[in-house]
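Here are the chains, one letter per residue:
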Amino acid sequence: MSRLSEGGLREAICRLGGSLFSRGLTFGSSGNISVRLEDGWLMTPTNVSLGRLDPARLAKLDAAGRLVSGDPPTKESFLHRAMYEERREALAVVHLHSTHSVAVSALADIDADDVLPPITAYYVMRVGRLPLVPYHAPGDLNLADAVRKLAGKHHAVLLANHGPVVAGASLDAAANAIEELEETAKLFLLLRGSRVRPLTPEQVAALKPS
Ligand SMILES: [Zn+2]
């Protein structure tokens, strides 16, 4: 994606929010989207449905995280900041409470170092290894530290009993990765109880991130 103007990015955030909402990937006022600007960030506001975003009312934060214009940012803005601090190349972050990912995040017997098996090549290329971040109550800022610890090595993490946070080199890349993650969580749940033949370590090694 070529670098869009701030106006273009505002439109793109609202379009993505509407698309995620209309497909049931977010609901109520859950989920949030941000993009990095040269002098700060644009972030979806607190207590607003991603299906009804207004480009002019997105929160604009300066490089120190102070609100410059628009409505106050999501209360989960610290999750986004933790990702950006650890991933200098990240230009966008998407966080959802999408149903199948949350369901998987609450399973008792998952591998916290690598939550989902490599069911498809696209999952491996867009998400890769997905670590589980231990549960923290809403508003507990220790969650930011827990995300920061993993974000240097992983552009996608799954918050236990909560949902995924995914960074990307563009808004499209972050959105494609979090959607791939949600679909793979759905496949994983569909396949539970069946004998599964995931990709082999050699097949995984032959794939390149996209
Ligand atoms: Zn959340």
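It should be noted that the structure appears before, not after, this text.
The paragraphs below set out a description of the structure included in this document. (Residues numbered from 1 in each chain as written. Predicted model: local features only at pLDDT ≥ 70, side-chain atom pairs only at ≥ 80, totals over all residues. Heavy atoms only, no water.)

Remarks on the pairing of strand β3 (residues 59–62)
Under the convention used in this document: With a 1.4 Å probe rolled over the protein chains alone, any residue whose accessible area is under 20% of its type maximum counts as buried; one over 50% counts as exposed, and the rest are partly exposed. Working definition: helices are DSSP H or I runs of at least four residues, strands are E runs of at least two. Numbering for both runs from the N terminus. Strands are labelled as partners when DSSP assigns at least two bridges between them.
Here β3 shows two buried faces, one formed by A59 and L61 and the other by K60 and D62. Looking at chain direction, strand β2 (residues 40–43) and β3 are connected through four bridges and run antiparallel. The partner of W41 across the bridge, within β3, is L61. Relative to strand β4 (residues 67–69), β3 runs antiparallel, the two being bridged by two bridges. Considered in β4, the bridge of L61 is made with L67. From the end of β3 to the start of β4, which pair antiparallel, there are four residues, and G65 there has a positive phi angle of about 90°.

A closer look at the coordination of the zinc ion
Note on metal geometry: ideal angles are 109.5 degrees for four donors arranged tetrahedrally and 90 or 180 degrees for six donors arranged octahedrally. Counted only if it meets this: Sites may look incomplete because water is not among the atoms; the donors themselves are N, O and S atoms within 2.8 Å of the metal, or within 3.2 Å for Na, K and Ca.
Binding of the zinc ion to the protein goes through E76 (OE), E76 (OE), H95 (NE2), H97 (NE2) and H162 (NE2), at separations of 2.0 to 2.6 Å. Sequence positions of the donors to the zinc ion reduce to the motif E-x18-H-x1-H-x64-H. Separated by 86 residues along the polypeptide, E76 in the loop between β4 and α2 (77–86) and H162 in the loop between β7 (156–159) and β8 (163–168) bring together distant segments of the chain.

A closer look at the pairing of strand β1 (residues 32–37)
Among the six residues in β1, six count as buried, and that is most of the element. Two strands pair when backbone bridges link them, and β1 and strand β5 (residues 92–95) are joined in this way by four bridges, in the antiparallel orientation. For I33, the partnering residue across the bridge sits in β5 and is V94. With four bridges connecting them, β1 and β2 associate as antiparallel partners. Following the sheet pairing, S34 is matched in β2 by M43. Between β1 and the antiparallel strand that follows it, β2, lie two residues.

Some points on the sheet that holds strand β6 (residues 132–133)
Taking strand neighbours across the sheet as the criterion, the eight strands line up as β4-β3-β2-β1-β5-β8-β7-β6 in an open arrangement whose pairing is mixed. One side of each edge strand has no neighbouring strand; the edge strands of this open sheet are β4 and β6.

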